[in-house]
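Residues per chain, in single letters:
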Amino acid sequence: MQETTAFIHSIPVDPLTGAISVPIYQTSTFVQEAPGVHKGYDYARSNNPTRSVLENLIAGLEKGARGLAFASGLAAIDAILKLLSSGDEIIAVDDIYGGAFRLFEQVYRKFGIQVHYVDAACPENVFQALNKNTKLIWLETPSNPTLKIADIAAIAAISRASGCLLCVDNTFASPALQKPIPLGADIVVHSATKYLGGHSDLIAGLVVTATEELGEKIRFYQNAAGAILGPFDSWLVIRGMETLSLRMRQHCDSAQQIAAFLQGHPEVDRVFYPGLPDHPNHDVAKRQSRGFGGIVSFTLKEDSLQAARRFVSSTGLFKLAESLGGIKSLISHSAEMTHKTIPPDIRRAAGVNDSLIRLSVGLEDAEDLITDLRNTFDRIIVKTNKYSLRLKNC
Ligand SMILES: *Cc1c(COP(=O)(O)O)cnc(C)c1O
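Report on the accompanying structure. (Residues numbered from 1 in each chain as written. Predicted model: local features only at pLDDT ≥ 70, side-chain atom pairs only at ≥ 80, totals over all residues. Heavy atoms only, no water.)

## So, the site of the ligand
Next, step 1: The ligand sits among Ser72, Gly73, Leu74, Tyr97, Glu140, Asp169, Thr171, Phe172, Ser191, Thr193, Lys194 and Ala204.
Next, step 2: One of the backbone nitrogen or oxygen atoms of Gly73 is found 2.9 Å away from an oxygen atom of the ligand.
Next, step 3: One nitrogen or oxygen atom from the side chain of Asp169 is found 2.7 Å from a nitrogen atom belonging to the ligand.
Next, step 4: When the ligand is considered free in solution it has 380 Å² of accessible area, and contact with the protein chains removes 93% of it.
Next, step 5: Looking at the shell around the ligand residue by residue, the classes come out as 4 nonpolar, 5 polar and 3 charged. (Near = heavy atom within 4 Å. Polar contact = N/O pair within 3.5 Å; in protein donor to acceptor, adjacent residues only side chain to side chain. Areas by Shrake-Rupley, 256 points an atom, 1.4 Å probe, with all protein chains shown as cover. Nonpolar A, V, L, I, M, F, W, Y, C, P; charged D, E, K, R; others polar.)

## Some points on the side chain of Thr50
Next, step 1: Structurally, the position occupied by Thr50 is in helix α2 (residues 49–61).
Next, step 2: At 2.9 Å, the side chain of Thr50 forms a polar contact with the backbone oxygen of Pro23.
Next, step 3: Other than its neighbours up to four places away in sequence, Thr50 contacts Val22, Pro23, Ile24, Tyr25, Pro231, Ser234, Trp235 and Ile238. (Helix = DSSP H or I, 4+ residues; strand = E, 2+ residues; numbered from the N terminus. Contact = heavy atoms within 4.5 Å.)

## What to know about helix α7 (residues 212–225)
In an α-helix there are 3.6 residues to a turn, and that puts residues three or four apart on one side.
Next, step 1: With 14 residues, α7 should reach 20 Å at 1.5 Å per residue; the first-to-last C-alpha distance of 20 Å fits that figure.
Next, step 2: Buried residues of α7: Leu214, Gly215, Ile218, Arg219 and Gln222, and no others. The buried residues of α7 all sit within an arc of 135° when viewed along its axis, so they share a single face. What points out from α7, more than 90 degrees from its buried face, is the exposed set Glu213, Phe220 and Ala224.
Next, step 3: Lining the buried residues of α7 we find α2, β1 (66–70), α3 (73–81), β5 (165–169), β6 (187–191) and β7 (205–209). (Expected span 1.5 Å × (residues − 1). Buried < 20%, exposed > 50% of the residue type's maximum accessible area, 1.4 Å probe, protein only. Arc of directions from axis to C-beta.)

## Focus: the side chain of Ser174
Next, step 1: Looking at the secondary structure, you find Ser174 in the loop between β5 and β6.
Next, step 2: Apart from the residues within four sequence positions on either side, Ser174 is in contact with His190, Tyr195, Leu244 and Met248.

## Thoughts on the pattern of salt bridges
Next, step 1: One pass over the full model with this rule turns up 16 salt bridges.
Next, step 2: Residues Arg66 and Glu212 are paired through a salt bridge, measuring 2.9 Å at the closest nitrogen-oxygen approach. You can see Arg66 sitting in strand β1 and its partner Glu212 sitting in helix α7, a full 146 residues away along the chain.
Next, step 3: Between Arg309 and Glu336 there is a salt bridge whose closest N-O contact spans 2.8 Å. Placement of the pair is Arg309 in helix α11 (residues 305–312) and Glu336 in the loop between β11 (330–333) and α12 (344–349), with a sequence separation of 27 residues.
Next, step 4: Sharing partners across several salt bridges, the network here consists of Arg66, Glu212, Glu216 and Arg219. (Salt bridge = Lys/Arg side-chain N within 4 Å of Asp/Glu carboxyl O.)

## Some points on the environment of Ala79
Next, step 1: Relative to the helices and strands, Ala79 resides in helix α3.
Next, step 2: When the C-alpha atoms of Ala79 and Met241 are compared, they prove to be 23 Å apart, with 162 residues separating the residues in sequence.
Next, step 3: Not counting residues within four places of it along the chain, the set of residues in contact with Ala79 comprises Phe70, Ile218 and Tyr221.

## Concerning the nonpolar core
Next, step 1: Leu81, Ile90, Trp138, Leu139, Leu166 and Val207 are the most contacted members of the largest nonpolar core, which has 43 residues in total.
Next, step 2: Looking at this core, the element that brings in the most residues is α3, giving 6 residues. (Core = buried A, V, L, I, M, F, W, Y, C linked by side-chain atoms within 4.5 Å.)

## Observations concerning the environment of Ile327
Next, step 1: Mapping Ile327 onto the fold places it in the loop between β10 (319–320) and β11.
Next, step 2: Residue classification places Ile327 among the partly exposed positions, given a relative accessible area of 35%.
Next, step 3: When the C-alpha positions of Ile327 and Arg247 are compared, they lie 8.4 Å apart, and in sequence the two are 80 residues distant.

Have a look at this one:
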């Protein structure tokens, strides 16, 4: 049986009624026969049957031992960071998600946890940054928004040899394309807000651990701190995940076409997409994933905040919004949106230029999306020409 079939049929039919859709257990507590004697559920922060289905699903899909569902991707990241103690250190990718950077720097630093940022596209950089306090290596691959690729298996070998944990933020790839645990990662984290939910209609986070023991530790923090995913949103994520594999195929196919179009456009300076043969780690991406994803970034010849602002405000089908992974295509200006919490010098050093524009390629017909981009360039160029014409006249 192929993976998609196996996955769809791993979603249980309700044993009580035969309902083919997972029931939403909208309840806070569960009646007990005698103190401590119950059907496996006592209080809905600790456990909820709808959430349990989701947690088992993601664990299965990522080939891990344990899945855990949280109120957001950041709540999931936060629960993982609680594994650390004061004095511990983290090595993280340098173009890390802005919200994770804020959590590391503005929350956990004051509890004595220090983070070193490296370009993880070269595993040697991770190795060089290790010290005796390193407890966690944090990867995002593909990374956000420059789509850098880190070699998960190579870095897992480094983390194993040094006795620290490897966590991979798998949001951009999704388990339909990439499974970090079989490649050696200890923990996988997702913003399920993105591809797993898939419809831009919820905020959710998921954690998967390679071992039962690590899963139990994070589960303790899930229950102790309480940032759980509610039953209705758990149901929405399950529903989204049912079509994940199909959606990812189309996202990848359209993104590849759009990357090729952008690469041939005279107003574009650079295109970032792991599916392009000239991407520096194209071979690693090909080896460790089944597809290159639905996110494409590019910079403009005119590398300014203003030029990018003009572009992202002028598209039609691509809607200007933060986030990614939904059915409708989105466009964003990293410097002024997702990465505005990162100081400009650190941001630029990580390759996020002022004009960097990120596309989340949705499920519209690729030719319509390309037409939208072509028209936007035409409008922008006309404006630029008028401007220079005016300059010439005065
Ligand atoms: C969105 C995102 C997050 C944070 O997830 P939320 O659901 O918004 O809290 C973390 N990592 C990556 C790569 C993301 O894109």
